[in-house]
Amino acid sequence: MSYQSFGFLFFSAAVLLLYYLLGKKLQRWVLAVANLVFYTVAGPQYLPFILVTMLATFFTGKKMGGIYEAAETQLAACTTPAEKKAVKANAKKKAKTALIIGMAVTIALLAVCKYTGFVMRNINQILKLFHAPKLPVFKLILPLGISFYSFMALSYVLDVFWKRYPAETNFLNYAVYLSYFPHVVQGPIDRFNEFNAQIQDGVKFDSKNLVFGSELLLFGLFKKLVIADRLAPFVTHAFGFWKETNGAFLFVAMLAYSVQIYADFSGCIDIVTGVSEMFGIKLRKNFNHPYFSKTMGEFWRRWHISLQEWFKDYVYYPVSASGLMRKAKKHFNQKNKPRAAELFSSCFPILVVWLITGIWHGASWNYIIWGIYHAIL
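Per chain, residues are indexed from 1 in the order of the written sequence. Where local features are concerned, this predicted model is filtered to residues with pLDDT of at least 70; where side-chain atom pairs are given and counted, the filter is 80 or more; whole-chain, interface and lining totals use all residues. Hydrogens and water are ignored here; the side-chain numbers use all heavy atoms of the structure.

Caption draft 1: Inspection of the packing of helix 3 (residues 47–77) against helix 4 (residues 81–129) at higher detail. Contact geometry for helix 3 and helix 4: axes closest at 9 Å, N-to-C directions at 175°. The orientation of helix 3 with respect to helix 4, classified from their angle, is roughly antiparallel. Grouping the amino acids of the contact of helix 3 with helix 4 by side-chain chemistry returns 16 nonpolar, six polar and four charged. Axis angles are defined between N-to-C directions and span 0 to 180 degrees, where every axis is a line fitted to C-alpha atoms and, for a helix, only to the segment in contact. Secondary structure elements are defined from DSSP: runs of H or I of at least 4 residues count as helices, runs of E of at least 2 residues count as strands, and each element is numbered from the N terminus. Between 65 and 115 degrees an angle is taken as roughly perpendicular, under 35 as roughly parallel, over 145 as roughly antiparallel, and anywhere else as oblique. Three classes are used, and their members are as follows: Ala, Val, Leu, Ile, Met, Phe, Trp, Tyr, Cys and Pro are nonpolar, Asp, Glu, Lys and Arg are charged, and the others, Gly among them, are polar.

So this is what it looks like as structure tokens:
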């Protein structure tokens, strides 16, 4: 059920009708059932994967929440700073153990489904050099939207661990967030606290939401169907027969591809954001006129914004504040190389972010090289 299909539009309209007719108390249940139907239609074989991620991270958050609550009770009975420090350290240690388990399950599912084939192919290339027999390459299921809902699940458990907000105790709220059908396939990558604040008390009907959402939906369909899909045959032909194509024609095709990929991705985001707006649920902004950027850094702050913000909050800052960075800076300073310490502390986290960004986009070496290229820029 692609976002630009009549099936998706009819499905969204039917869900929207029930959503407001049944009232605020049942809205979360309507969305939960709609999410289940949408995902089942896409492929029932995908359901176990999102369910395992959902259960693992929900109970991880709940476990950490219980640990922190117990620590608060113990802190109230403490009489000295040393006792309080010990209680906090013990709670953090237990919460970290739970966090590692929850994250390991989520990352393992993503890695096995998405990267097993890539790893096996590279191992076989190495074995070939030594004339060793090849290993079988397994073709595994790639669950719909796993790259997106895995990141949303990871952001939730990390936010709970860092005490940015309390752990969710209502499984329905968390299930609706993680499987929400407008954003589950290609984002935006939302945050639980922002999403949950909009659904937990229900949404009052507002005609403005329907009008604005419909306008955004139509604009997204125009970008996707009229611009992107009309440019696609021209671009595909030019790149498919590049040996027979002159340089000027390929240059035009390259520019056309830049327009195509933007209209395609941002058009689909406009469609799902418009649909969500009709439900009274605002999703994160994902594009902000990226081709008007003056630098590459600015471009990536305007393109796929929710992904870049995710990497900033959950990779860049943690790496920058990690023990490895502190040891590296100490090492360079001891050798009287403050400039090297400064360069390492500013460049290494960026390299890590873009390596992961490249790997996240696709399981192939061209994406890894692409990530390093943008890290350098």
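After that view, the rundown keeps rolling.
Caption draft 2: Broad picture of helix 11 (residues 305–320). Remark: the principal bend of helix 11, roughly 35°, maps to lysine 312. We call two residues in contact when some of their heavy atoms are within 4.5 Å. Summarising the contacts, the buried residues of helix 11 are in contact with helix 5 (146–161), helix 10 (296–302), helix 12 (323–334) and helix 13 (338–361). What the bend at a residue measures is the angle between two axes, fitted to the seven residues ending there and to the seven starting there.

Caption draft 3: View of the side chain of asparagine 173. Of note, asparagine 173 is situated in helix 6 (residues 171–179). Relative accessible area decides the class of each residue, using a 1.4 Å probe on protein chains only: under 20% of the type maximum gives buried, over 50% gives exposed, and in between gives partly exposed. Judged by its relative accessible area of 4%, asparagine 173 is buried. Any N or O atom pair separated by 3.5 Å or less is treated as a polar contact, with the protein-specific requirement of one donor-capable and one acceptor-capable atom, and with residues adjacent in sequence counted only for side-chain atom pairs. At 2.6 Å, the side chain of asparagine 173 and the side chain of arginine 28 are in polar contact. In terms of polar contacts, asparagine 173 uses its side chain to reach the side chain of glutamate 168, at 3.4 Å. Residues in contact with asparagine 173, not counting those within four places in the same chain, are Arg28, Glu168, Phe192, Asn196, Ile199 and Gln200.

Caption draft 4: Inspection of the pattern of salt bridges at higher detail. The salt bridge criterion pairs a side-chain nitrogen of Lys or Arg with a carboxyl oxygen of Asp or Glu, the two atoms within 4 Å. As enumerated under the stated definition, the model contains 10 salt bridges in all. A salt bridge links lysine 282 to glutamate 277; its shortest N-O distance comes to 2.8 Å. By relative accessible area, which is 52% here, lysine 282 ends up exposed. A salt bridge links glutamate 309 to arginine 284; the nearest nitrogen and oxygen atoms lie 2.5 Å apart. Within this pair, whereas glutamate 309 is found in helix 11, its partner arginine 284 is found in the loop between helix 9 (247–278) and helix 10, the two being separated by 25 residues in sequence. Looking at glutamate 309, the relative accessible area reads 28%, which means it is partly exposed.

Caption draft 5: Representation of a nonpolar patch on the surface within the structure. Taken together, the side chains of Phe239, Phe251, Val252, Met254, Leu255, Tyr257, Ile261 and Tyr291 make up a nonpolar region of the molecular surface, amounting to roughly 750 Å² of accessible area. By residue number, the principal contributor to the nonpolar patch is helix 9, which donates six residues. With respect to the secondary-structure elements, methionine 254 resides in helix 9. Each patch is assembled from residues with relative accessible area greater than 30% and no salt bridge, linking like charges that lie within 9 Å and nonpolar side chains (Val, Leu, Ile, Met, Phe, Trp, Tyr) that lie within 5 Å. Exposure was quantified through the Shrake-Rupley algorithm and a 1.4 Å probe, taking into account, for residues, occlusion by the shown protein chains and nothing else.

Caption draft 6: Structural context of the layout of surface pockets. Lining residues are those with an atom within 4 Å of a point, where the points come from a 1 Å grid over the protein atoms alone and group into cavities, where a 1.4 Å probe fits but cannot get out, or pockets, open sets with protein on both sides within 12 Å along at least five of seven lines. Grid points are joined across faces, edges and corners, and a volume is the space filled by probe spheres set on the points. Roughly 840 Å³ of internal volume is contained in the largest pocket. Only helix 5, helix 9, helix 10, helix 13 and helix 14 (365–376) provide two or more residues apiece to the lining of the largest pocket. Counted by class, the lining of the largest pocket contains 13 nonpolar, 10 polar and two charged residues. The computed volume of the second largest pocket comes to approximately 610 Å³. Lining of the second largest pocket is provided by 22 residues; of these, Met103, Ile107, Leu158, Tyr314 and Val315 occupy positions nearest its centre. Counting residues per element, the ones that place at least two in the lining of the second largest pocket are helix 4, helix 5, helix 11 and helix 13. Here the lining of the second largest pocket gets eight residues from one element, more than from any other, and that element is helix 4. Taken together, the residues that form the lining of the second largest pocket break down as 20 nonpolar, no polar and two charged.

Caption draft 7: Region of the structure containing the packing of aromatic side chains. The criterion for an aromatic pair is that two Phe, Tyr or Trp rings (for Trp, the six-membered ring) have centres within 6.5 Å, with stacked assigned to planes under 30 degrees apart, edge-to-face to planes over 60 apart and tilted to the rest. Per the stated rule, a full pass over the model turns up 51 aromatic pairs. A centroid spacing of 6.0 Å and a plane angle of 45° characterise the contact between tyrosine 262 and tryptophan 303, whose relative ring orientation is tilted. Taken together, the residues span a long stretch of sequence, with tyrosine 262 in helix 9 and tryptophan 303 in the loop between helix 10 and helix 11 at a distance of 41 residues. You can call tryptophan 303 buried: its relative accessible area is 9%. Put simply, a charge is over a ring when the Lys NZ or the Arg CZ is close to the ring centre, within 6 Å, and near the line of the ring normal, within 35 degrees. Seen from the ring of tyrosine 68, lysine 163 lies directly overhead, with NZ or CZ sitting 4.5 Å from the centre.

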